[in-house]
Amino acid sequence: MPRPGSVLVVEDDPDLVDLMAVILQDAGYRVATATDGLEALARIEAEMPSLILLDMRMPRMNGWEFAGEFRTRWDRSCPIVVVTAAENARLRAEEIGADGWLEKPFELEDVVRMVERHVGPA
Amino acid sequence: MTRRGNCRYTNGVKPFRIAAIYALVAGAWILFSDRLLAALVPQGAMHVLLETAKGWAFVLVTAGLLHLLIRRSAEGMRRLDAEVRATLDSIADAILVVDAEGRVANANRAALDLLGVSNKSEILVPLPDFAARFHMRRADGSPLPPDGFATLRALRGETIRGYEAVYRRTDGRDVFVAVSAAPVRVRPGGPVRLAVAVLRDVSEERRFDELRDEFLSTAAHEFKTPLAVIKAYAQLLRKRSDGEAPALLVINRQVDRLSRLVQQLLEVSRFRLGGPEMRRERYDLAEQVAQALERTRDRAEGHRLLLVERAPAPVYADRERIGQVLGNLIDNAVKFSPGGGDIQAAVRRLEREVEISIRDAGVGIPREKQGRVFERYYRAHAGTHEDYGGMGVGLDMSREIVARHGGRMWFESEPGVGSTFSFTLPLDHEGDDAQAG
């Protein structure tokens, strides 16, 4: 069972990773981070998060590849929310069968609300 | 060249002068040669013989002269023909000549190169065969109705400019061409004998446009992550330190503005690149106009936004795209009437279409710039006191969205008085029935 409240942020921009961590930690969540899909898979091996916030365009292993690999290995053991700058975030989310999407640039409250919806209040 | 310019091809000899000189010389000969002969040679067998010889000689000289004249004239024609041919072949743009029967009658070298054929006879065929052979389509790939061919329209007397089409070369490559076509009349006001079409290869320009749009799309996309970080940190800081709030509020507002610009850029480039298909639905356009006005109201404090005329207007359209058009027109109306005043929107129902107009009492568009208002990236007020910002992409895109729905967009503007931008969309009569039922 995943420990409640842990959120895995998969994002290649270090500033955005830090930002997400700050926002979520402020809201009371525990945060793990990875800068690409491969690193994210390693993090999940160690500990299954209760939510994954996933960027799509990343080096080494991008969001699409990561989502495919994740589903093969762990099926739907935890929800994925796509965080993307793509003009059609919803389509991206549908493409990989994600559970939600956040379009960049977002409001602070949007991030917290989205996490709350999938993980519950911290 | 003057009217007599073609004398170059008859070596400077004019037909009337030739005939006059001939009449004069021959007349004098007939008059005086008989008398001269009678004076020199006494009547008799010798006289008759000489008379006959004189006649023969006259015919011989005349025939010789005729031969000379005809040969020179024919040579002139041949030279004219060769020069016209060489001129046509030296023109860099492709030229097609279509005869009154709708058959391709002539083509220049560039036309053969453009279409990738080696032999002219391959393209001297009736237009429908020509169109089928080269897979002629509109620039957006849609089929061309047979009576829509530019040359056929030209045969009916129309002059067509800047029409874009796609041809498939014999090697399978598609070429984009800008076509202009005109009727050819031998006499001014006479019947149309031929139509001539000039085809300019614009494939390179199109490819460049596409590259630029892709670049803009990528650039706009790349802006979003830094924007997200700046915006979120500004919000975070505001939450934590109330003392700095005013400055952070400004940062936030400007980031929002930048986001809107980036979004607009993305929308334009996505739209230009073909983007997702239109998602049409049936809805009431009048309601959408009212909503669009409502949305702008809090951003336009000095203005009164009024819906002065309203009629039920069922349309079958892409709600999001038409929303962009309305947003653009209303934003422009607000932006270009800095002194405030009324912005009047009207939804008028015509027989088969609905007409929307947005009128402002603003600065108007200088007359000399009115012709370019719909040009992409053109900003009529750039660098003037009335430069209120913007990227010059809204109207171009709006007009194209409306055109893709089968409507038209236009404007009337009086400098210092204001502008009215209008567009039409086809009415959806099925939607009407649904409302009635």
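Look up: the structure comes first, before these words.
So, a few notes on the structure that sits alongside this text. (Residues numbered from 1 in each chain as written. Chains lettered and ligands numbered in written order. Predicted model: local features only at pLDDT ≥ 70, side-chain atom pairs only at ≥ 80, totals over all residues.)

Remarks on the overall build of chain A
Filter applied, for reference: Helix and strand definitions follow DSSP, with helices as H or I runs of at least four residues and strands as E runs of at least two, each counted in order from the N terminus. Comment: burial labels come from other C-beta atoms within 10 Å of the residue's own C-beta, placed from the backbone, where a count of 20 or more is buried, 12 or fewer is exposed, and between is partly exposed. Contact between two residues is assigned when their C-beta atoms, built from the backbone, lie within 7 Å.
Along the backbone of chain A there are 5 helices and 5 strands. Going from N to C terminus, chain A has its helices and strands arranged as β-α-β-α-β-α-β-α-β-α. A total of 122 residues make up chain A; the buried ones form 41% of that total. Summarising the internal contacts of chain A: among those between residues at least 6 apart in sequence, 59% fall at separations of at least 24.

Looking at the sheet that holds strand β1 (residues 6-10) of chain A
Residues and elements named next belong to chain A. Rules: In this scheme, strands are said to pair when DSSP sees at least two bridges between them. Between N-to-C directions, angles span 0 to 180 degrees; the directions come from axes that are lines fitted to C-alpha atoms, helices contributing only their stretch in contact.
In space, the 5 strands of this open sheet follow the order β2-β1-β3-β4-β5, with parallel pairing throughout. Strand pairing shows two members of the sheet lacking a second neighbour, β2 (30-34) and β5 (100-103), which therefore form its edges. In this sheet, adjacent strand axes meet at a mean angle of 20° when their direction is disregarded. Looking at chain direction, strand β3 (residues 51-54) and strand β4 (residues 80-84) are connected through 3 bridges and run parallel. Paired with L53 across the strands is V81, a residue of β4. The sheet contacts of helix α2 (residues 37-46) involve β1 and β2, and relative to β1 the element is tilted by about 160°. The strands that helix α5 (residues 108-119) touches are β1, β3, β4 and β5; relative to β5, the one it contacts most, it runs at about 170°.

Let's talk about the nonpolar core
Keep this limit in mind: We define the nonpolar core as any set of buried residues of the types Ala, Val, Leu, Ile, Met, Phe, Trp, Tyr and Cys, connected via C-beta atoms lying within 7 Å of each other.
Judged by nonpolar contacts, the single largest core of 39 residues is most densely connected at V7, V10, L53, L54, V81 and V82 of chain A. Here the element with the most residues in this core is helix α1 (residues 14-26) of chain A; it accounts for 5 residues. Sequence-distant contacts of L54 of chain A, that is, excluding residues within four places in its chain, are made with V10, G63, F66, A67, I80, V81, V82 and V83 of chain A. Residues A317, A333, I358 and F423 of chain B belong to the second largest nonpolar core, which totals 33 residues.

Examining the interface of chain A and chain B
Contacts between chain A and chain B engage 12 residues on the former and 14 residues on the latter. Sorting elements by how many residues they give to the side of chain A that touches chain B places α1 of chain A first, with 5 residues.

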